[in-house]
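# Reading the structure
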Amino acid sequence: MDDLEQTLDSVGPRLRALRTQRRTTLADLSQETGISVSTLSRLESGDRKPTLELLLPLAKAHGVTLDELVDAPATGDPRIHLRPITRHGMTMLPLTKRAGGIQAFKMIIAPDARDRPSEPQVHEGYEWLYVLNGRLRLILGDNDIVLTPGEAAEFDTHIPHWFGAADDHPVEFLSLFGKQGERAHLRARPRRNEPD
């Protein structure tokens, strides 16, 4: 298999990983790009070869360059060109560039940017959060928790969950997200109620 064929074969898994990171459905991505759900599914599974006509709107939708989308070979430039993705008052700055494996993000959520949904999200994967600044409200199953700077939480994303700013200040945190079975080694423990 030559380099070009290998590069094209790796685009499908990268597309799926980017869509999963953004927590976007094929239907949402189809609406955003004008590419049919069937074509998107075939691209992700590798049943359809990517073309420039398909990759350009997908790169734009995912907030990455075409080089990042196809994992173009390095040019020798050591600088990292991170591009933040901002949607609905939430800014995600990818800290990792590889598709698959654990993905790292720095995230900033503005107050009132994400209204609590009637139904929290459920999806494949495992997530670890570490609060840098502000207060992060995490709804996880039946638990409603507020995390402060220096606190972390780790959870299976099959459990219904939602997170946002806990008050009228932005919250800044690190997020590690991986497919099922990939876990960080730090676990948050609930605080014990101590007598006054």
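Please refer to the structure higher up on the page.
Reference entry: report on the structure contained in this document. Here the structure is a predicted model, which is why all the values come from computation and not from measurement.

This part takes up the overall build of the chain. The secondary structure content of the chain amounts to 5 helices and 9 strands. Along the chain, from the amino end to the carboxyl end, the secondary structure elements read α-α-α-α-α-β-β-β-β-β-β-β-β-β. When each of the 196 residues of the chain is scored for burial, the buried share is 35%. For the chain, long-range pairs separated by at least 24 residues make up 62% of all intrachain contacts whose partners lie at least 6 apart in sequence.

Turning our eyes to something else, we now look at the sheet that holds strand S4 (residues 126–133). The 6 strands lie next to each other as S1-S2-S3-S9-S4-S7, forming an open sheet whose pairing is antiparallel. Every interior strand has two partners, whereas the edge strands, strand S1 (85–87) and strand S7 (152–156), have only one. Taking the axes of each pair of neighbouring strands and ignoring which way they run, one obtains an average angle of 20 degrees across the sheet. When strand S2 (residues 90–94) meets strand S3 (residues 103–109), the two strands line up antiparallel, connected through 5 bridges. Considered in S3, the bridge of Thr91 is made with Ile108.

One open sheet holds the 3 strands; their spatial order is S6-S5-S8, and the pairing between them is antiparallel. Sheet topology places strand S6 (143–147) and strand S8 (161–165) at the edges, where each strand pairs with a single neighbour. Taken pair by pair, the neighbouring strands of this sheet meet at an average axis angle of 15 degrees, ignoring direction. Two strands pair when backbone bridges link them, and strand S5 (residues 136–140) and S8 are joined in this way by 5 bridges, in the antiparallel orientation. Bridging across to S8, Leu140 finds its partner in His161.

Once that is clear, we can look at the packing of aromatic side chains. Enumeration according to the criterion identifies 2 aromatic pairs in this entry. Judged by centre distance (6.1 Å) and plane angle (10 degrees), the rings of Trp128 and Tyr130 are stacked. Judged by its relative accessible area of 12%, Trp128 is buried. Judged by centre distance (5.5 Å) and plane angle (85 degrees), the ring pair of Phe163 and Phe173 falls under edge-to-face. Placement of Phe163 in strand S8 and of Phe173 in strand S9 (residues 171–178) is noted, with a sequence separation of 10 residues between them. Per residue, the accessibility class of Phe163 equals that of Phe173, and both read buried. The ring of Phe177 is capped by Arg23, whose NZ or CZ atom sits 5.5 Å from the centre of that ring.

A few words now on helix H4 (residues 52–62). Owing to its 3.6 residues per turn, the α-helix aligns residues three or four sequence positions apart on the same side. If you check which residues of H4 are buried, you get Leu54, Leu55, Leu58, Ala59, Ala61 and His62. Projected onto a plane normal to the axis of H4, the buried residues spread over an arc of 160 degrees and lie on a single side. Facing away from the buried surface of H4 by more than 90 degrees, the exposed residues are Leu52, Glu53 and Lys60. Among the residues trailing H4, Gly63 stands out with phi positive, at a value near 70 degrees.

Every buried residue of helix H2 (residues 26–33) is accounted for by Leu26, Leu29, Ser30 and Thr33. Each buried residue of H2 lies within a common arc of 105 degrees when the element is viewed along its axis, so the set occupies one face. Of the residues trailing H2, Gly34 is marked for its positive phi of about 80 degrees.

On to the packing of H2 against H4, then. Contact pair H2 / H4: the axes reach a minimum separation of 10 Å and the direction vectors enclose 110 degrees. The orientation of H2 relative to H4 falls into the category roughly perpendicular. Crossing of H2 over H4 shows right-handed handedness. Contacts between H2 and H4 involve Leu29, Glu32 and Thr33 from the first element and Pro57, Leu58, Ala61 and His62 from the second.

How each quantity is defined
Residues numbered from 1 in each chain as written. Predicted model: local features only at pLDDT ≥ 70, side-chain atom pairs only at ≥ 80, totals over all residues. Heavy atoms only, no water. Helix = DSSP H or I, 4+ residues; strand = E, 2+ residues; numbered from the N terminus. Buried < 20%, exposed > 50% of the residue type's maximum accessible area, 1.4 Å probe, protein only. Contact = heavy atoms within 4.5 Å. Pairing = 2+ DSSP bridges. Axes fitted to C-alpha atoms, helices over the stretch in contact; angles between N-to-C directions. Phe/Tyr/Trp six-rings, centres within 6.5 Å; stacked < 30°, edge-to-face > 60°. Lys NZ or Arg CZ within 6 Å of the ring centre and 35° of its normal. Arc of directions from axis to C-beta. Parallel < 35°, antiparallel > 145°, perpendicular 65-115°, else oblique. Left-handed = near helix turned anticlockwise from the far one by under 90°.

Nothing here speaks to function; it is all geometry.
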